[in-house]
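# Report on the structure
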Amino acid sequence: MLSVIDLDKTSSKRFLILVSNNPHHAVENQLLASLPREEYERLVANMELVPLTFKQVLYAPNESIQYVYFPKSGVVSLLTLMEDGTAVEVGTVGNEGMVGLPVFLGSNKIPGQALAQIPGEAWRMRVDVFKDKVIPGSALHDLLQRYTQALFNLISQIAACNRIHSVEERFCRWLLMTQDRVGSDEFPLTQEFLSQMLGVRRPTVSLSASVLQKAGLIRYVRGKMTILDREGLEASSCECYMIIKSEFERLLGSNVA
């Protein structure tokens, strides 16, 4: 049986993490944690727990994808790369999801890149094994169909957000989503990644971080981000954070919340 732990009992706006009362079913990836025990054990027997190291490339542009990943902790950035080398973040995956959806959708490569942005751990499965085990009608197959829609909604919302909303509003939205995934008020964050996730140059990143810091919402020192005032971030964020969160709850809430 699964029980629910609220990462912050003072706020109802956090994502929830599932933990199992059965030690053999003790996972932190919410997709895996929501599976029936038999299917979970069948799948995890074909997985290995691996570290996600800072800047580790999980898949590269137009190269065959070898593994799919179910993060337990940390955050993976989904990046779009331009000819001049510019990288822009179009989505993120934490312990609520899976890295490698192109494989689930029938492809073995993609022009983008998946990069570990915040270190952690993940369950890793070879692509050939994944295709053999995750078949139509299986619990994980049905769950991944809904997760695919949730991630598509996230990417679409971020595209609109990047076009319409201010840098500070987008910054707040991104910080809230990242805090939900890592379950901590502190996490490593470089200016390079800040630039990629906002789609702006580093001087603009520094200015935006300074604005939020002066407002008492964050502390950013030597590559470490600390959330000081979550309610303030929620008030300063655009509506995209709650739209994305609500869609994940709508599509996956019956299984992961």
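Residues numbered from 1 in each chain as written. Predicted model: local features only at pLDDT ≥ 70, side-chain atom pairs only at ≥ 80, totals over all residues. Heavy atoms only, no water.

- An unreviewed UniProt entry lists the protein chain under the name Crp/Fnr family transcriptional regulator, with Chroococcidiopsis cubana SAG 39.79 as the source organism.

## Focus: the packing of helix H7 (residues 191–198) against helix H8 (residues 202–214)
- Following both chains from N to C, one finds H7 and H8 inclined at 95 degrees, their axes separated by 9 Å at the closest point. Between H7 and H8, the interaxial angle falls into the category roughly perpendicular. Listed contacts from H8 to Gln191, Glu192, Leu194, Ser195 and Leu198 of H7 are Arg202, Val205 and Ser206.
- By residue class, the composition of the contact of H7 with H8 is three nonpolar, three polar and two charged. (Axes fitted to C-alpha atoms, helices over the stretch in contact; angles between N-to-C directions. Helix = DSSP H or I, 4+ residues; strand = E, 2+ residues; numbered from the N terminus. Parallel < 35°, antiparallel > 145°, perpendicular 65-115°, else oblique. Contact = heavy atoms within 4.5 Å. Nonpolar A, V, L, I, M, F, W, Y, C, P; charged D, E, K, R; others polar.)

## Points about the pairing of strand S6 (residues 75–81)
- Across the seven residues of S6, five count as buried, placing the element largely inside the fold.
- The turn linking S6 back onto strand S7 (residues 87–93) is made up of five residues, and Gly85 within it adopts a positive phi angle of 95 degrees. (Buried < 20%, exposed > 50% of the residue type's maximum accessible area, 1.4 Å probe, protein only. Pairing = 2+ DSSP bridges.)

## Focus: the nonpolar core
- Judged by nonpolar contacts, the single largest core of 73 residues is most densely connected at Phe70, Met98, Phe130, Leu144, Tyr147 and Leu175.
- Broken down by element, this core gets its largest block of residues, eight residues, from helix H5 (residues 139–164). (Core = buried A, V, L, I, M, F, W, Y, C linked by side-chain atoms within 4.5 Å.)

## Quick look at H8
- Counted at 1.5 Å a residue, the expected span for H8 with its 13 residues is 18 Å, and the 18 Å between its end C-alpha atoms agrees.
- Of all the residues in H8, the buried ones are Val205, Ser208, Ala209 and Leu212. Summarising the axial view, the buried residues of H8 lie within an arc of 100 degrees, below the 170-degree limit, and thus occupy one face. Exposed residues lying more than 90 degrees from the buried face of H8 are Pro203, Leu207 and Lys214.
- At its buried positions, H8 is contacted by helix H6 (167–182), H7 and strand S11 (218–221).
- Gly216 occupies a position one or two residues after H8 and carries a positive phi of about 80 degrees. (Expected span 1.5 Å × (residues − 1). Arc of directions from axis to C-beta.)

## A closer look at the environment of Leu144
- Within the secondary structure, Leu144 is located in helix H5.
- Look at Leu144 and you get buried, because its relative accessible area is 0%.
- In this structure the C-alpha to C-alpha distance between Leu144 and Leu252, which are 108 residues apart in sequence, comes to 9.4 Å.
- With near-sequence residues (within four places) excluded, Leu144 lies in contact with Leu31, Met98, Leu101, Phe104, Phe130 and Val134.

## Describing the pattern of salt bridges
- Applying the stated rule across the entire model yields eleven salt bridges.
- Ionic pairing is found between Arg126 and Asp128, a salt bridge with its closest N-O pair at 3.1 Å.
- What makes Asp128 partly exposed here is its relative accessible area of 47%.
- In this structure, Asp180 and Arg230 form a salt bridge, with 3.1 Å as the shortest nitrogen-oxygen distance. Taken together, the positions of Asp180 in helix H6 and Arg230 in helix H9 (residues 230–236) put the pair 50 residues apart, joining distant regions of the chain.
- On the basis of relative accessibility, which here comes to 1%, the residue Asp180 falls in the buried class.
- One connected set of salt bridges, linked through shared partners, spans Asp180, Arg230 and Glu234. (Salt bridge = Lys/Arg side-chain N within 4 Å of Asp/Glu carboxyl O.)

## Quick look at the layout of surface pockets
- By volume, the largest pocket is sized at about 350 Å³.
- If you go around the largest pocket, you meet 20 residues; those closest to its centre are Tyr59, Leu78, Pro102, Ile110 and Ile155.
- Counting only elements with at least two residues in the lining of the largest pocket, the list comes to S6, helix H3 (101–104) and H5.
- With four residues, the single largest contributor to the lining of the largest pocket is H5.
- When grouped by side-chain class, the residues that make up the lining of the largest pocket number 14 nonpolar, six polar and no charged.
- Empty space within the second largest pocket amounts to approximately 240 Å³. (1 Å grid on protein atoms, 1.4 Å probe; cavity = no way out; pocket = protein on both sides within 12 Å on 5 of 7 lines; lining within 4 Å. Points joined across faces, edges and corners; volume = space filled by probe spheres on them.)

## A closer look at H7
- Across the eight residues of H7, six count as buried, placing the element largely inside the fold.
- Of the positions making up H7, those classed as buried are Phe193, Leu194, Ser195, Gln196, Met197 and Leu198.
- Elements that come into contact with the buried residues of H7 comprise S6, S7, strand S8 (113–118), H6, H8 and S11.
- Downstream of H7 by one or two residues, Gly199 has phi in the positive range, about 70 degrees.

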